[in-house]
Amino acid sequence: MSSSCSHLLAALKDCLLHSDCVIKQGRLPSECLKEHADELPEQCKALRQATFECKRGMLDMRKRFRGNNVDLPPPPPKSQEQPSSTTAST
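Residues numbered from 1 in each chain as written. Predicted model: local features only at pLDDT ≥ 70, side-chain atom pairs only at ≥ 80, totals over all residues. Heavy atoms only, no water.

On to the side chain of Thr 51, then. With respect to the helices and strands, the residue Thr 51 is situated in helix H4 (residues 42-59). Engagement of the side chain of Thr 51 in a polar contact is seen with the backbone oxygen of Leu 47, the distance being 2.7 Å. Residue contacts for Thr 51: discarding those within four places in its chain leaves Leu 8, Leu 9 and Leu 12. (Helix = DSSP H or I, 4+ residues; strand = E, 2+ residues; numbered from the N terminus. Polar contact = N/O pair within 3.5 Å; in protein donor to acceptor, adjacent residues only side chain to side chain. Contact = heavy atoms within 4.5 Å.)

A few words on the environment of Leu 47. Counting through the fold element by element, Leu 47 comes out in helix H4. Overall, Leu 47 belongs to the buried group, its relative accessible area being 4%. Along the chain, Leu 47 and Leu 12 lie 35 residues apart, while their C-alpha atoms are 5.6 Å from each other. (Buried < 20%, exposed > 50% of the residue type's maximum accessible area, 1.4 Å probe, protein only.)

So, on to helix H1 (residues 3-17). For H1, with 15 residues, the first-to-last C-alpha span of 21 Å sits near the 21 Å given by 1.5 Å per residue. Tucked into the core, H1 has its buried residues touching helix H2 (20-23), helix H3 (29-35) and H4. (Expected span 1.5 Å × (residues − 1).)

Another aspect to go through is the packing of H1 against H4. The contact between H1 and H4 brings their axes to 9 Å, and the two run at 155°. Judged by the inter-axis angle, H1 sits roughly antiparallel to H4. Once H1 is placed against H4, the crossing between them reads as left-handed. Contacts between H1 and H4 involve Ser 4, Cys 5, Leu 8, Leu 9, Ala 11, Leu 12, Cys 15 and Leu 16 on the former and, on the latter, Gln 43, Cys 44, Leu 47, Arg 48, Ala 50, Thr 51, Cys 54, Lys 55 and Met 58. When the residues that make up the contact of H1 with H4 are grouped by side-chain class, the tally is twelve nonpolar, three polar and two charged. (Axes fitted to C-alpha atoms, helices over the stretch in contact; angles between N-to-C directions. Parallel < 35°, antiparallel > 145°, perpendicular 65-115°, else oblique. Left-handed = near helix turned anticlockwise from the far one by under 90°. Nonpolar A, V, L, I, M, F, W, Y, C, P; charged D, E, K, R; others polar.)

Encoded structure:
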């Protein structure tokens, strides 16, 4: 595979290896990806879609001319809890 998609593929492998499907249920990453895709975290689903689009972009002549510009999908937003301040200003 070309180097334009290798970072996405590595991130997808890492995400699959750290998912509950592999760790807790003891399945193979390929089995989780093919048969249990609905159980994967959102980040793995986004990486799977980005990897697919990257591979498709390698075959698309328009993207080959302009370059297959792909990047990692943004991480899902984390809920930030605001610590309550106990100091009172008077």
